[in-house]
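# Structure assessment
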Amino acid sequence: MGEGMEHQIFAPCTRRKRGMLDPSLRASALHAAAIDRVARVWIARLYAARGLVPAEQFYSGRGAVEARAAAGALGAHLYFVSAGLGVVEATQEVPAYSLTVSAGDPDCIASAVRGAFSPALWWRALNDALGRRENGLTYAISRCAGLSIMALPSTYLELVGEELAALPPTIMARVRLIGPPRGVVRPEFAQAWMPYDARFDNADGPNPGTKADFAQRAARHFAEAVVSIAPSANAITHAEMVDQCLKPLSAPVLPRRKVSTDAELIEVIRGLLPKSGGRAGATLMLLRHQAGRACEQGRFRRLFAAATAGSLVQ
């Protein structure tokens, strides 16, 4: 893996997406059925879709920006890992869709599946429905002679974990796993895991941000501060370099925020809108850091929509 060797970045698709969604391309629009049947119907709808745009334009938000920056730092190929599309190259044209394996989301595909379900089972069914002789992820990693940097939070590692575990050791030696906590990493990925942990989010850290974009932010740091310096190093050396970068930092002390009902949060959000200029991201920051209220991002999106529409959530 010397100078000039081409590398890859694999990043999760983002919740924030551009463009108008076709109502039929939402997981919530699917009729409940066995997982294989659901996957086939979903793929048929994707193939019939119009108005395609490049994936790198469709996925938005800071996570996508950081993923592009990580790829740019190395001149690497950028791929997105999607529960709705499989693995797509950044330049590949995709339809506007909404499907996730995140529990609690209105478009969580688990709600459309009768019988056994897990992210890994869905990933297998999705790729079978796509008709690939070789899974997109395995094929992409196998043909890369450089590093395959997997910027994947826990939910996405659960999605593709079985496939990664099936890679031969010679290929796994070129994989670097960034994002999930050490406690959820399978033993076979232990050496590939890079020790980005809570220290990275210290206010004095190299690239602070939110949990939602942790993996992509860490991948950018890894590309700029580790691989750019030691492109030919093995996984052990890369992990030691990461640890040296983070050693002077301590994990931030998380503030204790007040738990509130939906109706209470909506009223607080409305009160913050003049200060935030009506911007969702700025409002969430004020809600957490100024108003001291606890609210995870999925819940906030729903309540922000209700607050700006002037309706109360029961």
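You'll find the structure just up there.
Residues numbered from 1 in each chain as written. Predicted model: local features only at pLDDT ≥ 70, side-chain atom pairs only at ≥ 80, totals over all residues. Heavy atoms only, no water.

## A short note on the pairing of strand E5 (residues 86-89)
Bridge count for strand E4 (residues 77-82) against E5 is four bridges, and the pairing is antiparallel. If you follow Phe 80 over to E5, its bridge partner there is Val 88. Connecting E4 to the antiparallel partner E5 that follows it, the hairpin turn spans three residues. (Pairing = 2+ DSSP bridges. Helix = DSSP H or I, 4+ residues; strand = E, 2+ residues; numbered from the N terminus.)

## Structural notes on the sheet that holds strand E8 (residues 148-151)
Pairing between the strands of a sheet comes from backbone hydrogen bonds, and it takes one of two forms, parallel or antiparallel. The mixed open sheet is built from five strands, whose spatial order is E5-E4-E1-E8-E9. The strands lining the two open edges of the sheet, one partner per strand, are E5 and strand E9 (175-178). Strand-to-strand twist in this sheet, taken as the mean axis angle between neighbours without regard to direction, amounts to 20 degrees. Where E8 meets E9, four bridges bridge the pair, whose relative direction is parallel. Across the sheet, residue Ser 148 finds its bridge partner in E9, namely Val 175. In this fold helix H8 (residues 214-227) packs onto strand E1 (8-12), E8 and E9, with an angle of close to 150 degrees to the strand it touches most, E8. (Axes fitted to C-alpha atoms, helices over the stretch in contact; angles between N-to-C directions. Contact = heavy atoms within 4.5 Å.)

## Thoughts on the packing of aromatic side chains
Under the criterion given, the structure shown has nine aromatic pairs. Between Trp 42 and Tyr 97 the ring centres are 6.4 Å apart and the planes differ by 75 degrees, which places this aromatic pair in the edge-to-face class. Taken together, the residues Trp 42 in helix H1 (residues 35-48) and Tyr 97 in the loop between strand E6 (93-94) and strand E7 (113-114) connect sequence positions 55 residues apart. Assessed through its relative accessible area of 0%, Tyr 97 is described here as buried. Judged by centre distance (5.3 Å) and plane angle (85 degrees), the rings of Tyr 196 and Phe 200 are edge-to-face. For Tyr 196, a relative accessible area of 2% gives the class buried. Overall, Phe 200 belongs to the buried group, its relative accessible area being 0%. An aromatic cluster of three or more residues is present, and its members are Trp 42, Phe 58, Tyr 59, Phe 80 and Tyr 97. (Phe/Tyr/Trp six-rings, centres within 6.5 Å; stacked < 30°, edge-to-face > 60°. Buried < 20%, exposed > 50% of the residue type's maximum accessible area, 1.4 Å probe, protein only.)

## Describing the packing of helix H4 (residues 119-130) against helix H6 (residues 154-165)
Between H4 and H6, the shortest axis-to-axis distance is 7 Å and the interhelical angle comes to 65 degrees. Taken together, the axis directions place H4 and H6 in an arrangement best described as roughly perpendicular. Here the hand of the crossing between H4 and H6 comes out right-handed. Counted together, Pro 119, Ala 120, Trp 122, Trp 123 and Arg 124 of H4 and Glu 158, Leu 159, Val 160, Glu 162 and Glu 163 of H6 form the full contact between these two elements. For the contact of H4 with H6, a count of residues per class yields six nonpolar, no polar and four charged. (Parallel < 35°, antiparallel > 145°, perpendicular 65-115°, else oblique. Left-handed = near helix turned anticlockwise from the far one by under 90°. Nonpolar A, V, L, I, M, F, W, Y, C, P; charged D, E, K, R; others polar.)

## Let's talk about the side chain of Arg 199
With respect to the secondary-structure elements, Arg 199 resides in the loop between E9 and H8. Polar side-chain contacts of Arg 199 include one of 2.9 Å to the side chain of Asp 197. For Arg 199, the residues in contact, after removing those within four places along its chain, are Asp 243, Leu 246, Lys 247, Leu 249, Ser 250 and Ala 251. (Polar contact = N/O pair within 3.5 Å; in protein donor to acceptor, adjacent residues only side chain to side chain.)

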